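Now for the letters of each chain:
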Amino acid sequence: ETGVTQTPRHLVMGMTNKKSLKCEQHLGHNAMYWYKQSAKKPLELMFVYSLEERVENNSVPSRFSPECPNSSHLFLHLHTLQPEDSALYLCASSLSLAGGTGELFFGEGSRLTVL
Amino acid sequence: QQQVKQSPQSLIVQKGGISIINCAYENTAFDYFPWYQQFPGKGPALLIAIRPDVSEKKEGRFTISFNKSAKQFSLHIMDSQPGDSATYFCAASYYNTDKLIFGTGTRLQVFP
């Protein structure tokens, strides 16, 4: 496989459930990102990892917990979510956080619905 | 506070026409301005990008016009085709990082 792969593509969960979103990149990149995409809103940057170290957490509620075990994998652990958290969650990677090409490579996203 | 403002929210263009999408930014430290294209069910993909040392960049039918003094930049799609129908996002980043700030997106529909 090439590019950025996200699983699952669709997820429906109750407010008390615990689930995880997975992202894998096969591009040899050093930086990985989680973005939230909601209708009529800008893509919201949630978390940034550079060489497996979290370098940014944009005031994201603690019910979202990221994990980056290595430079190729990124997880977003979800627990006690709210209906307003329903959105498309996009993972992206780039060559390097600083001094890179400026190009992000996105996965196809995980569509999350919270009931 | 929205750092990158994009308009219009939606755009309908006839095949062969010119599609124009505008963006304005506030932070003068931004030094990289890409446009991303997103088809339904897909993630955004880089379409074209510009840095503030030039006023225009053209790649095929796609052109970015950049006005540094006005803090505005726009995407022009010449000879628009039905296959161009997608959502377009402008973005900006600064300090030579890949951390992008996105606009709200423009849904473009090109009819035959």
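Each remark here, short or long, concerns the structure printed above.
Keep in mind that what you see is a predicted model, and the values were worked out from it rather than measured.

Trainee: Where do I start with the interface of chain A and chain B in this structure?
Mentor: Where interface size is quoted, it is often the accessible area lost as the parts come together. Listed by partner, the interface residues are 27 residues for chain A and 20 residues for chain B. Of the roughly 1,800 Å² buried between chain A and chain B, counting both surfaces, carbon and sulfur atoms make up 51%. Scanning the region where chain A abuts chain B turns up one salt bridge. A:Glu108 is the partner of B:Lys42 in a salt bridge, and the nearest nitrogen-oxygen pair spans 2.7 Å. For the pair chain A and chain B, the number of links is five residue pairs in polar contact (both at pLDDT 80 or more).

Trainee: What is the right way to read the environment of A:Phe64 from this model?
Mentor: All names here are of chain A. Note that Phe 64 resides in strand 7 (residues 64-70). By relative accessible area, which is 5% here, Phe 64 ends up buried. Residues Phe 64 and Leu 104, 40 residues apart in the sequence, show an inter-C-alpha distance of 22 Å. Phe 64 has contacts with Met 46, Phe 47, Leu 76, His 77, Leu 78, Leu 81, Asp 85 and Tyr 89, leaving out every residue within four places of it along the chain.

Trainee: For this particular structure, what's the right way to read the sheet that holds strand 1 (residues 4-7) of chain B?
Mentor: Pairing between the strands of a sheet comes from backbone hydrogen bonds, and it takes one of two forms, parallel or antiparallel. Residues and elements named next belong to chain B. The sheet built from five strands is open, its strands ordered 1-3-8-7-6 with antiparallel pairing. Bordering the open sheet on either side are strand 1 and strand 6 (56-59), each of which pairs with just one other strand. Each strand axis lies, on average, 15° off the axis of its neighbour in the sheet, ignoring direction. Summarising the sheet, strand 7 (residues 62-67) and strand 8 (residues 72-77) pair through six bridges and their orientation is antiparallel. When the sheet's bridge partners are listed, Ser 65 is paired in strand 8 with Ser 74.

Trainee: How should I be thinking about the pattern of salt bridges in this particular structure?
Mentor: When their charged atoms lie close together, side chains carrying opposite charge are able to pair. Following the criterion strictly, the structure yields five salt bridges over all chains and no others. B:Lys57 is the partner of B:Glu59 in a salt bridge, and the nearest nitrogen-oxygen pair spans 3.6 Å. Residue classification places B:Lys57 among the partly exposed residues on the basis of a relative accessible area of 32%. By sharing partners, the salt bridges in this structure join A:Arg9, A:Glu108 and B:Lys42 into a single network.

Trainee: Even after reading the chapter, I still don't get the nonpolar core, so can you show me in this structure?
Mentor: Across soluble globular proteins, nonpolar side chains have a tendency to be buried as a group. Core analysis: the biggest nonpolar cluster contains 24 residues, and B:Phe33, B:Trp35, B:Phe73, B:Leu75 and B:Tyr88 have the highest contact counts within it. The dominant element in this core, judged by the number of residues it contributes, is strand 9 (residues 86-94) of chain B, at four residues. Leaving out residues up to four positions away in the same chain, B:Leu75 has contacts with B:Ser19, B:Ile20, B:Ile21, B:Trp35, B:Leu47, B:Ile48, B:Phe62, B:Thr63 and B:Tyr88. Membership of the second largest hydrophobic core comes to 22 residues, among which are A:Trp34, A:Val60, A:Leu74 and A:Tyr89.

Trainee: What should I look at first to understand the sheet that holds strand 1 (residues 4-7) of chain A in this one?
Mentor: All names here are of chain A. The four strands are arranged 1-3-8-7 in an open sheet whose pairing can be described as antiparallel. Across the chains shown, the open sheet's two edge strands, defined by having one partner strand only, are strand 1 and strand 7. For this sheet the average axis-to-axis angle between neighbouring strands, irrespective of direction, equals 15°. Summarising the sheet, strand 7 and strand 8 (residues 73-79) pair through five bridges and their orientation is antiparallel.

Trainee: Sorry, what's going on with the packing of aromatic side chains here?
Mentor: To describe a pair of aromatic rings, you give the distance between the ring centres and the angle between the ring planes. This structure, assessed with the given rule, holds 16 aromatic pairs over all chains. Ring centres of A:Tyr35 and A:Phe106 lie 5.7 Å apart, and the angle between their planes is 55°; this geometry places the pair in the tilted category. Separated by 71 residues along the polypeptide, A:Tyr35 in strand 4 (residues 31-37) and A:Phe106 in strand 10 (residues 105-106) bring together distant segments of the chain. Side by side, A:Tyr35 and A:Phe106 carry an identical accessibility label, which is buried. Arranged with centres 5.4 Å apart and planes meeting at 90°, the rings of A:Tyr35 and B:Phe102 form a pair that is edge-to-face. Taken together, the residues A:Tyr35 in strand 4 and B:Phe102 in strand 10 (residues 101-102) connect one chain to another.

Rules of the game
- Residues numbered from 1 in each chain as written.
- Chains lettered and ligands numbered in written order.
- Predicted model: local features only at pLDDT ≥ 70, side-chain atom pairs only at ≥ 80, totals over all residues.
- Heavy atoms only, no water.
- Contact = heavy atoms within 4.5 Å.
- Buried area = accessible area lost by both parts, 1.4 Å probe.
- Salt bridge = Lys/Arg side-chain N within 4 Å of Asp/Glu carboxyl O.
- Polar contact = N/O pair within 3.5 Å; in protein donor to acceptor, adjacent residues only side chain to side chain.
- Helix = DSSP H or I, 4+ residues; strand = E, 2+ residues; numbered from the N terminus.
- Buried < 20%, exposed > 50% of the residue type's maximum accessible area, 1.4 Å probe, protein only.
- Pairing = 2+ DSSP bridges.
- Axes fitted to C-alpha atoms, helices over the stretch in contact; angles between N-to-C directions.
- Core = buried A, V, L, I, M, F, W, Y, C linked by side-chain atoms within 4.5 Å.
- Phe/Tyr/Trp six-rings, centres within 6.5 Å; stacked < 30°, edge-to-face > 60°.

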